[in-house]
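# Report on the structure
As a plain string of letters, each chain reads:
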Amino acid sequence: MERRRLLAAGTGTLAVAAAGCLGLGEADPGRLDLTVRNDGDEPIDADVVVEGDDGTTYAEESDRVDAGVARAFEVAVGATGRHEVAVTGPDWEGRLAWDAETCRLYDGRVAIDGETVEVAGECIDTR
């Protein structure tokens, strides 16, 4: 009887240890799928910065987007807290924000047409 109890305790301890090693119980990271679309007649230079409310910078990229072209960015972010993406050019800016605790996958779109900047976003996969 004592041996069974020890084996059961040992098996439970092993399962807990394995769960810790495998990261079980931890929240999956969030993700941003971002599209920056140039609806204008000239190429644009776009800077993309994705940050968390704790000051973590998840991405910082610059890219030239030709006229009539869209550029996709995929960024893994933390599983908790508010996250914000800023897409900026020399004289324009578009910003989106979401809460990663309720939204596992956020889809953002920024369209630039001359002086007009349109932003839209939605949670595609809730937690």
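For the structure itself, consult the block above.
All residue numbers refer to positions counted from 1 along the written sequence of the respective chain. Local features in this predicted model are restricted to residues of pLDDT 70 or higher, and side-chain atom pairs are both shown and tallied only at a pLDDT of 80 or more, whereas totals for entire chains, interfaces and linings draw on every residue. Note that the side-chain values use all heavy atoms of the structure and ignore hydrogens as well as water.

By nonpolar core is meant a set of buried Ala, Val, Leu, Ile, Met, Phe, Trp, Tyr and Cys residues that side-chain atoms within 4.5 Å join together. Using a 1.4 Å probe on the protein chains alone, a residue whose accessible area is under 20% of its type maximum counts as buried, one over 50% counts as exposed, and one in between counts as partly exposed. Counting residues in each nonpolar core, the largest one holds 21 residues, and the members touching the most others are L34, V50, V85 and V87. Where helices and strands are cited, they refer to DSSP runs of H or I of at least four residues and of E of at least two residues respectively, numbered from the N terminus. Counting only elements with at least two residues in this core, the list comes to strand 1 (30–38), strand 2 (44–52), strand 3 (57–65), strand 4 (70–77), strand 5 (82–88), strand 6 (93–99) and strand 7 (103–113). Contacts between residues were defined by any pair of non-hydrogen atoms, one from each residue, lying within 4.5 Å. Once residues within four sequence positions are removed from consideration, V87 is found in contact with L34, V36, A46, D47, V48, W92, E93, G94 and V110.

Here we take up the sheet that holds strand 2. Spatially, four strands are ordered 3-2-5-6 in an open sheet, and the strand pairing comes out antiparallel. Sheet topology places strand 3 and strand 6 at the edges, where each strand pairs with a single neighbour. Put simply, the sheet's adjacent strands are angled 10° from each other on average, direction ignored. Relative to strand 5, strand 2 runs antiparallel, the two sharing six bridges. Across the sheet, residue E51 finds its bridge partner in strand 5, namely E84. Two strands are said to pair when DSSP picks up at least two bridges between them. Here an axis means a line fitted to C-alpha atoms, over the contact stretch when the element is a helix, while the angle between two N-to-C directions is reported on a 0 to 180 degree scale.

Let's shift gears to a negative patch on the surface. By definition, no residue in a patch forms a salt bridge, and every one has over 30% relative accessible area; like charges are joined within 9 Å, nonpolar side chains (Val, Leu, Ile, Met, Phe, Trp, Tyr) within 5 Å. Areas reported as accessible are Shrake-Rupley estimates using a 1.4 Å probe. Residue values count occlusion only from the protein chains shown. For this analysis, a salt bridge means a side-chain nitrogen from Lys or Arg found within 4 Å of a carboxyl oxygen belonging to Asp or Glu. Neither His nor the chain termini are counted; the positive set is Lys and Arg, and the negative set is Asp and Glu. Here the site of a charge means atom NZ of a Lys, CZ of an Arg, CG of an Asp or CD of a Glu. Taken together, the side chains of D41, E42, D113 and E118 make up a negatively charged region of the molecular surface. Within the secondary structure layout, D41 lies in the loop between strand 1 and strand 2. Relative accessible area serves as the criterion here: at 72%, D41 is assigned to the exposed category.

This part covers the pattern of salt bridges. Note on pairing: side chains with opposite charge can pair once their charged atoms come close. Counted by the stated rule, this structure contains eleven salt bridges. Here D33 ties to R31 by a salt bridge, and the two come within 2.8 Å at their closest N and O atoms. The buried category is assigned to D33, whose relative accessible area is 19%. A salt bridge links R71 to E61; its shortest N-O distance comes to 3.6 Å. Here R71 is found in strand 4, whereas its partner E61 is found in strand 3, with ten residues between them in sequence. The class for R71 is partly exposed, based on a relative accessible area of 27%. Classification of E61 as partly exposed rests on a relative accessible area of 31%. A single network of salt bridges, built from pairs that share partners, joins R82, E84, E93 and R95.

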